[in-house]
Structure formats: structure tokens, C-alpha cells
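# Coordinates in review
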Amino acid sequence: LWKSKKILSTFFLLNLAAIRRRSKTPGVMITQYAAILPEGKSTPDFQCKPMPVTVKEGNLAIFKAVVTGDPKPDVSWRRAKGNLADKEKFQKKYDESTGEHILEIHKVSAEEADTYKCYAVNECGKAVCTTTLSIIDGDLKYPRCVSVVEMFGAVVEHFRKLLKKSNSDIQCKAQTAGGDNDETFWDAMMNADKRDYESICSEYGVADLNTILKKLEEKRNQKGKNKQKYFNNLTPTTTQCSVFYPNPVSCFKVLMRPINISCASSLMQDVIISYDNDAKKQDIQSLGKKNYLRNEGTVQHDTGIYIGDVEEANRHNRHLTLIFSNVDFVIKIQEIKAEESDDALFECVLTHPLPKITWMRKGVLLEDGEKCNITVSDNRLIHRLLIKDCTKLDKGIYSAVAGIISCSAWLVVEDQRNPTGDAKKAIRKTAKAAGVQADLEKVAKEQQIKIQGEMEKILKAVKEKYSEAEKLKGEILTRGDDCSGSDKRNKTQRKNTKDGTVTTSEDNGCITQDDPGVQFIWGLSDVDAIIHESAELMCKLSREDREGVWFRDGKQIYPDDNVSITMNGPIHKLVIMKCSEDNSGKYRFEADGRKTEAMLSIRDPPRFDPEDLSAFTRPLAVKVGHNVIYKLQFIGHKPIKVQWYKDGDELKDDNSTMIERSASHTRLLLSRCQRRDTGEIKIKIKNDHGFTEAVSQLVVLVSDKPSPPLGPAEVTESSALCIEFKWRPPKDDGGSPVTNYILERQQVGRNTWKKMGEIPGVPIYRDTDVDRGRKYCYRIWAVTSEGMSEVMETDEMQAGKFAFPGPPAPPKVVSAFNDCINISWSSPSSTGGSRLLGYILEKRKQGSNLWTCVNAPDEIIKEKKYAVKDVVEGMEYEFRVCAVNLSGAGEFSSASEFVFARDPKMRPRFTNNKMKSFMVVRAGNSVRITVNFEASPWPEITWLKDNVPVMKRVTISNSDGSSQLLIPTSERLDSGIYSVLVKNIVGQETFSTEVRVTDDPKPPGPVELEESVPGTVTVIWQPSPDEKRDDRLHYTVSKLESTKHTWTTVADRLFNNRFTVCNIMQGREYHFRVYAKNDMGVSAPSESPIWGMEKKKEKMVITEPSRKDCDLRCAPSFIVPLKPQTATVGYECYMSCAVKGDPAARITWYRNHVSINTDTNYYVSNTCGVCSLLILRVGPKDVGEYKVVADNSLGRAECSTVLSVRG
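The annotation that UniProt attaches to the chain under Sequence similarities (unreviewed entry) is "Belongs to the protein kinase superfamily. CAMK Ser/Thr protein kinase family."

Rendered as C-alpha cells:
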């Protein structure tokens, strides 16, 4: 008994343990209520968590989240500093199509700027994530999308307005010299410490220190006012700009000059916003008096507000804001229907180039891998997503997100249309969007040209404005006397900035020069490393051939067993294998006079001993009155603060709790545990470097009797034969599960109770020993291994009276055959107050008064349909049905209509859609034609050949639903059209198949060559012996020149016995071959005699001919006329003729007196007087008279022929 208790206690413990774990989605915490989840169940989780939102005051803010879990989680929203009670302002929605839970905040104000939490809860656990809402002040008037031209225009206009004042300031500055009037004296005073004031005054010969201190305070105030006025006048630089650069390195510079030149050393002069793919993701660095904001791989996630403080130490609250405008889709992704195992390709085109966009499926981010292939075109405008080897699980909504805009489309995965069981794997196809597909490359090229044109216009305007600004700058510098003359105190200094840029500048701010030497593409970054783990520092130079030196706190570092220094091209890397506190400090890398620095901080956060942590996290079960001790050891930077919690409340020392703390371990003692101590025990340790925590579950077991079962009892069924009811188990089972229930029953009106016995520990009971109409009460006890609970008494329950169901509707005949009639019916409108057990079906013959039961008496029909097979063919029947419930059988329905037991009449219909309408058979092989059909009654089947009954040697086989024609050994005479006629009393149906019995053709007869026109050869051959027996036989002509070594086909599908070959060169030998072709194959070639011969070189004798004028002009005339043509439907037709004339005649072809020279269905050519016409595909419409007309300035000639087309 003690062992069984222990097993049950352990089971109970495992199911009470709460486990906290992190989700795969960053920022989501999951709490699992039970250590072991039921099969098929899962805790809630966020597929897509709500993202932080920044909106302008008065606008709409939207949070969206997608959750998963089984059972389906309930989603709720909360906020940290308030509630969401205002339903008009806070609206919660759910989008069933996308599965998104949405929180909309209307007309946001500063009060709604808060941290919001989203909870997803089901019976297995809960998931929580947080997000924030930031509000932009509605009074801030962000300008419209200001172009670079407008921005420079504002700066230039600013210089014009302040030109005179700046000039006067420069002149005043030039007049100061010596003592307290020296500008260098005041620069030294403003930048020095208070302790150095006396020494500076002594150096410059100033005696009145109190007066100097007052003036110094006034100058500082004036300097602050000048800065404020400077930024106020540069308000247009808070700019919303659109920057789209497909190149790897591009730079956007905003020039801002201070009003007072004397303040140039303390105010920001240049702000450069650069886009560099080789740089870090986002980095701000200083190059002299220039500030750089670098953003690597700008994609849609970088869309937002970028704010840079242009005054050091945030002394002035003025910012430069850059807002990347959003791209849009020229062509969006479209819905795709793909078969299983195929690939699916989504494609879209953007308005501006982006190196990367986000692809999502049902809110889940997709990455490039084995399943998904994400590609981008070279111009970065076309983005593609390829889903490989589609399955049913890939079905869903896919989204392409670029900035704040997106487009979505469905992927529908269908079953394979032609599944095959062959071992050879079928070729995988790629499915694209249905409908008319635009040429993406063409659209992207047009968009790229458009962007390039816009950028050229902007750069041209910027160049003009910038030239004007430089001109004004030169005028300002020319008017100041500080920039010229030998009596000026100019001091030039050369310094190395943090990231290596060498700057040469004058103290008066007149000259600035940058050295284009080696620079840092990106410098070192501060690193936080954990003690005893590795750390890495890395930077990149602009050149690959420059080495560098590493320093820590000013001392050079050399590689050893713990330090590794590597150089991989322009990338320099320092790796510390095992960090210690001695490794922390300032690290510097120098190369060619450039340097970059970063801090390495070694952290030592608190950490538990792994074995103690594993033992602590396991749930702990104790009995009432026993003590519990938790002990854990830890390490970390001292001091370490230790805190213990129970159910979220911190534990303090008291009578039942004692906490022991030391430098390396802690212990918690809980004395005399009670049932109320069951809950979560958590320990948290913290030091200056971080914190960690662990959670355990404490269960206090109580060996006690259970509490009474919970009521009230619920009646689930009440009839004249039984009462069925259920209740709830005890709220407290005393630490042991319920094994049995004990029941007693009392009939209302009597004083005695009847024992009903014990039932298993399932809270439901069915009492079948009842009298109809009587009322009963029940008493129930719960039984565990510790004893029996108090009694629970139910309310009165009444057994039902006999109430029979009503009649169903008359049965309907679904179908009737010779041996079966199918009947169906509907449920009765009244069930009699209890569930229906089934139905009884009866039948009656026409003219009889006797109804017979169709189903067996002890087997009622469960469904509302039945197939009556006990029928006689040709007899007429009617049917009726009644319903049966717990009280018995009800009233029969009305009779159905009479129906005959015979097959229905059906017109013949062919069922095989893959029957061939044409087949070619080699002579000697068998011919087999099979047709499948449906017909009722049985039809008469007749086979015909060319509308004549087939010969006796043809075998006909008929079976149930099919018929077959078989010719064991075929001959050429068996060619023809075979038809099958299926006919019955309802109708008839015919199907025809053309059979062509043939063999490899015999070669053509002898081949002869003629020359009718110079430069041409007419090939003439005798027909093949098979030409008369095969009307589909045609010829092919091939040619071999003496200068080549391969045969080339010069004509194909010729249905006559001659062909004229053009472009015959004198002095070359030609060979010709003629082949006969049919549906079965190609014959052996027939060779022609050799045509032409090589010219022998003879001695050239030049004789001067006598001069005689001769007129060679002549009217056109046909040397070779057109000949009558007969062509077959679907094949080519070629006709030609030869014409002469000087000057060359213009050739025009006519069909039925209509010109066809420009008709694309005909190919017309005229080569050296040989005029030809090719009809690509002959059809019935091509029948008619064809005429060719040749005319020149001396006359006109015509030639015509008639084209006949045969089927």
C-alpha cells in the first residue's frame, strides 16, 4: 500500500510541476503548467510577437500578434501603467484569415505611451511578451520629404542673410591682439580648468582676475546663445529624405556652417550620413569635425527615424532626423497553384532597389535554406522566393515585406494529377502565378532607368547649389583679414583622429584638408566578455597590404598561448582564448599612423553549480509536518546578493523559514511544512555583472480523507427505463486519487434507502432499475485509499413516462435495380423526449394488403437509409418506416410511391476517356481495339470498317461493359476507319478509330538532275513502290557539297517527285540523296549522279573585245511556270516558278485575287529569279487559285495554278 501511495504521489507531483522556458521567438517567456503534457497538446507560443510602434500623437497605433498552441490559447492585452477599460480607444480584434490578434489604439496621446503585454493562455501553460508604444509630439511639424536640392538651398539662403554680420565678426576678430583682447587667450580660458586660470592670466600679462572671470561667464553665455540661434536658423535640416543607392558605397552629406566664424571650432560643421556595405551595421564615429552615421546593408528593417545629436554631451536638444521613405511594389506576388513535389516560385518587383526584403509565411520569418531559396536580381529590384518540393504543409499565405508595405498571396498545394509508381523519379516542375505574366526583367530595367534619371537630375541640381554655397563661402573668407597677410598668427596642426583620418586645419577655420591615405572601413567596438571565456576584437582597413600593431593600456601586445593575432586581407583580429580580469582595459590598433580604440570589459556574473542546479529544479514532494532543505553553491564576482521567493513573494527569516547565506553557497530551511506551503520556490542571485535565477516546485502531500463529491448532479438522460446523471469529483482528494464511489437510492415518499453498490472512480451513473414516472434521490460517497468522504445528496430525479416518437416523413426511393431497391427517409419531428434508437422498415407488394418487415425484429436500422434486397424482378413495391426510442416503436409513416424492381434505362455511354482515335501498326503485328461503356438494358454491339461490317478473320469479344476487336496478323489492306456502334432501346453511341497498317517504306527510284535556271538544280526521282499504297508517304532531299563534309536537308515533306535546289555554285561538286518517309520510318536513300566539277586553272588570255552597245532590257516572262498542286490537310505545301526580266521584276502573289505577300501564314521568297511560296500548315481555307504577277517598267507577266486540299 505504501508503494502505491508513493507512485501516485510521484505522478501527482510531475503533473503539478511548473516549468519556465524561453521561446524560439526572442523576447517570449513560456510557463508550462505540467512537466508531462498529454499527447497532441502543447503550450502557447508566439509565432509573431507584437513589434514596438512609434506614431505621431492623434494617429492610430496597431499591435499584431500570431499565437499557436493546442488547445487554442486565449489572448489578452495589458499595460504597465494603466488599464484597457476604454473600449472605444482600445479595440481588440481577431483576423480569422491571417490568425492575427490585433490591439488598436485610436487617437493616441502621451498618456498611452507605455509598455504593453500580450498574454496567451490555455490549460497547458501560458506565454507572455512585451512591446512598447512611443508617441511623437503632435506639435513637432516634420517637413515634407525635402530633397537634397531644397536642403542646400536653405543653407545657401542662410549664408546670404548672414553674410554682412559674419563679415563684421571676422573684422572684429582681426582687430584683437595681445592681452585680454587676444582671441587665443579666451580660447585657452574657456577650455582650461579653474585651477589653471591664474597661470594663463600670468602668461598673457592679465592682472585683474575678477574682471576676467565675469567676462568669461558672459562669453560662455553668448556662445550658448549663438549656438541656439545657429540651430534655430537651420530648422530645415530636420529633414525627411529618400535615399536609394544600389551601389556598395554611397554618401549623402549635409553641410551646416555656423553663423559666427569665431565659433567654428566649437560647433558642428559637417554631418555626413554614409551607406557602406563593408562597415558595421550602425556606427557613429568622429573624423575631426565631421560625424559619420554608418548603416550596413540597409534593408526594410532599417526604415525609421534616425536621430543624431549635433552638439556634444547633449547640451542642446536639437537633432538631425533622417527618415528613409518606403519603397513600393511595381509587381506584387500572385497566388500560385502547385502540385505536390513541385516547386513554387513567388516573384515581385520593387520601385527602388533593396538588397534584401523579408519573406514570411503565416507570420513566421522565412530564411534561405534547404526548403526555401531566396534570391535577388543584380539590380536589386526583382526578389524571388522558391519553395522546394511542395507538400500539403506548405499551403498557406506568404508575404513579402519591404519597409512598412507588404503584399501577400496564397500557395495552394494540390494532389498530383498523374501519380506514378515507377522507380524513376519524375522531373520536378516549377509552378508560377497563373494568368498573364509580365516580363519582370523588362519592368525592372524600365524602373532602373527611371531611378537613374531622377538621381541625375538631383545630383545636377545639388552640384549647382553646392557650387553657389562654395562661392559664398569663398566670399566670406576673402572678406576676413585673418586668412591672408604675413602678419596673421596662423598655426597649422596635423593630428590623427580616432579612426585614422589625418586632418590638416588652420586655427582660424579657413583651411581644411583630408589625407586620402589608409583609413578604417570600420574600427574597434567595445566588447563585454565573460570570465574564462573567449573574446574577439576586430577592425577593417581600406587596404589589404598594411600591417598593424595592437596595444593594451599603451603597451604593445604580442601573440602567445592565450592571445592570437591574425590578419586576413584588410581584416585584423585579436582573439583572447580564456579571459581573465587582467585582460580588461583599453585596446588600440595602429596602422600607418591611423588608430582605433575600444574597451574590453571582463564580466563575472553569478552562476550556479550545475549539479546543484539540476537537483534544485526537480520537483520536491514531502509529507505534512516534515522539513525541506534547499542548498545551492555558486560562483561569481563578489559581493553576491541572494534572494529566495515563494510564489513571487520574497522569503524572510521567521519561525518556519530560515535562510543561510555565505560567499559561495546558500541554504533555505522550511520547517514543519503544511499543505499551504505547496507552490513555486525561486532563488535569485545578483552581483554588479548580472543576475540569474532558478525555479523549483514544492508539493506537500496530505494523507487525509477526501472532501465530498461536488454537486449539483446533472441529469443526462431520463426515460421510462433509466435515469443517467453525473457529478463532479471532490475538490480535495486528500492526497490520494479517488478509486470508487458508493451510491444509495431512495424513492420519494419512502423512508428507506437502497444500496446501489460501488462503481469505479468515474463520476457518472446509469440507473436502469426505475419505474416510469417515479421520483428518486441519491446519496454519493467518494472513496480513496485513506478512507471515505462525507455524503453528497442529490436533488429529486424523475424517470420518464412512455412517450413514443412521431411518424417520419414518407420514404423516398433513391434507386432501383433488378435485385435491390435503395430507400432513404428523414427523422421524425418529435422524438418523444428521449434519444432515438433506430428505425423499422416495412414493404408491401402492389395489390396486397400484407406489410412485411424488411429488417430482422431484433436488429433495428441505425441509419436513415437501407438497401432492400429481398425483391422480385419486375414486381412493384411500396415502403413505410417508423422510429424507435427508449419507450418503444412509434407510429408508421405514410407509404412511399410504388417502384418497380428493375434496372433503370440508360443510354449507352463510353466510360474510357483514353481511347485512341488513331493508331499506326507495323504490318504483321496484331491490332487490338478495346472500348468500355455503360448501358441499360444490355445493348447490341456492331463493329464496322469503313462503314462496312468487318471481315470474318477479325475477332470480336464482348463482355460486361466492354467490347474488343482483334486482328491477329495485320496487313496493309487492314488500314481504315474502324467504328463500334453500341445501341439499345434508349439510344445509341458510336466511336471510331483510324488504323494505319504500314511498314518501313521502300526507297525511291533512280534520281536525275536538270538545270533549268542558272544557279539552280532540279532533282527528279522515280516514286517509291509504296507511294500508291500509302497516301501519307512523302520524300526528303539532302545535299552534300564538295567543300563540306556533312549532309544537309534541303527539303522535307515533299509529296511530288521533283524539287529545285537553289544557290548552286559553279566549280563545286554536289551529291543529292532522296529518302521516302511514312508513319513507320525512313527508307534507304537513292543516290544522284555527281553534279558539277572542279574548274581547272587555265592560262588567262585577255583579248580586248570590240565595243558594241547592246540593250539587255526586256519585259518580264516566266521561264518555269507554276504547276497544279495537291496537298494534305495539316502538312506544308511548296510551289515555285522562275521568271526573267531586266530590270528585275517586282513579284506579287495572289490567292483568289487577294494579295498574300504580307500574310504571316505564307512564306514568300525570290532568289535569283526563282519565286517560291510556302504554306506552313495547309487547311481547307487554302483551297483556290494562286497567281504570281511579275512587272517592271517594260511590261507585266502572270502565271497561275490551282491548289486542291485532300482530307
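Still more ground to cover, so stick around.
Within the structure shown, the criterion is met by 20 aromatic pairs. Between Phe520 and Phe589, the aromatic rings sit 6.2 Å apart at their centres with planes inclined by 80 degrees, giving edge-to-face as the arrangement. Highlighted residues: Phe520 in strand S30 (residues 520-522) and Phe589 in strand S37 (residues 585-591), separated in sequence by 69 residues. Here Phe520 and Phe589 have matching classes, each one buried. Site record: aromatic cluster; members linked through ring pairs are Phe725, Trp727, Tyr741, Tyr765 and Tyr778.

Right, let's get into the pattern of salt bridges. Per the counting criterion, the structure on display carries 48 salt bridges. Residue Asp999 is joined to Arg922 by a salt bridge in which the shortest nitrogen-to-oxygen separation is 3.1 Å. Residue Asp999 is located in the loop between strand S73 (988-998) and strand S74 (1007-1010), and its partner Arg922 is located in strand S66 (residues 918-922); the two are separated by 77 residues in the primary sequence. Residue Asp999 is classed as partly exposed on the basis of its relative accessible area of 27%. For Arg922, a relative accessible area of 32% puts it in the partly exposed group. Shared partners join several salt bridges into a network, and the residues in it are Glu994, Arg996, Asp1030, Asp1031, Arg1032 and Asp1079.

Let us now look at the sheet that holds strand S20 (residues 358-361). With mixed pairing, the five strands of this open sheet are ordered in space as S18-S25-S24-S20-S21. Single-partner strands in this sheet number two, and they are strand S18 (336-339) and strand S21 (364-365).

It is worth spelling out the sheet that holds strand S88 (residues 1184-1192) at this point. Taken in spatial order, the five strands of this open sheet run S82-S89-S88-S84-S85, and their pairing is mixed. Each edge of the open sheet carries a strand with a single partner, namely strand S82 (1125-1128) and strand S85 (1154-1155). Relative to strand S89 (residues 1195-1206), S88 is paired through nine bridges, and the arrangement is antiparallel. Looking across to S89, one finds that Val1188 is bridged to Cys1199.

It is worth spelling out the side chain of Asp604 at this point. Following the sequence through the fold, Asp604 ends up in the loop between strand S38 (594-603) and strand S39 (607-608). You can call Asp604 buried: its relative accessible area is 11%. Side-chain polar atoms of Asp604 contact the side chain of Arg607, separated by 3.1 Å. Among all residues touching Asp604, those that are not within four sequence positions of it are Ile531, Gly636, His637, Asn687 and His689.

Counting 26 residues, the largest nonpolar core has Phe346, Ile357, Trp359, Leu385, Ile387 and Leu411 as its most contacted members. Elements with a minimum of two residues in this core: S18, strand S19 (343-350), strand S23 (382-387), strand S24 (396-402) and strand S25 (405-414). Not counting residues up to four positions away in its chain, the partners in contact with Leu411 are Ile336, Ala338, Ala344, Phe346, Ile387, Cys390, Asp394, Lys395, Gly396 and Tyr398.

Let us now look at the packing of helix H4 (residues 183-191) against helix H5 (residues 197-204). Orientation of H4 relative to H5, taken along the N-to-C sense of each, is 170 degrees, at an axis distance of 10 Å. The orientation of H4 relative to H5 falls into the category roughly antiparallel. Contacts between H4 and H5 involve Thr184, Phe185, Ala188 and Met189 from the first element and Tyr197, Ile200, Cys201 and Tyr204 from the second. Classifying every residue of the contact of H4 with H5 by side-chain character gives seven nonpolar, one polar and no charged.

It is worth spelling out a nonpolar patch on the surface at this point. Side chains of Leu721, Phe802 and Phe804 sit close together on the surface and give an oily, nonpolar patch of about 290 Å² of accessible area. Considering the arrangement of structural elements, one finds Phe802 in the loop between strand S56 (797-798) and strand S57 (812-816). Taking the relative accessible area as the measure of exposure, Phe802 reaches 39% and is therefore partly exposed.

This paragraph deals with the side chain of Thr1128. Of note, Thr1128 is situated in strand S82. Within the structure, Thr1128 has its side chain in polar contact with the side chain of Arg1206 (distance 3.1 Å). In this structure Thr1128 touches Phe1055, Val1178 and Arg1206, once residues within four positions along its chain are discounted.

About the thresholds
Residues numbered from 1 in each chain as written. Predicted model: local features only at pLDDT ≥ 70, side-chain atom pairs only at ≥ 80, totals over all residues. Heavy atoms only, no water. UniProt positions renumbered as here; feature names shortened; annotations may be inferred. Phe/Tyr/Trp six-rings, centres within 6.5 Å; stacked < 30°, edge-to-face > 60°. Helix = DSSP H or I, 4+ residues; strand = E, 2+ residues; numbered from the N terminus. Buried < 20%, exposed > 50% of the residue type's maximum accessible area, 1.4 Å probe, protein only. Salt bridge = Lys/Arg side-chain N within 4 Å of Asp/Glu carboxyl O. Pairing = 2+ DSSP bridges. Polar contact = N/O pair within 3.5 Å; in protein donor to acceptor, adjacent residues only side chain to side chain. Contact = heavy atoms within 4.5 Å. Core = buried A, V, L, I, M, F, W, Y, C linked by side-chain atoms within 4.5 Å. Axes fitted to C-alpha atoms, helices over the stretch in contact; angles between N-to-C directions. Parallel < 35°, antiparallel > 145°, perpendicular 65-115°, else oblique. Nonpolar A, V, L, I, M, F, W, Y, C, P; charged D, E, K, R; others polar. Patch = residues over 30% accessible without salt bridge, like charges linked within 9 Å, V, L, I, M, F, W, Y side chains within 5 Å. Areas by Shrake-Rupley, 256 points an atom, 1.4 Å probe, with all protein chains shown as cover.

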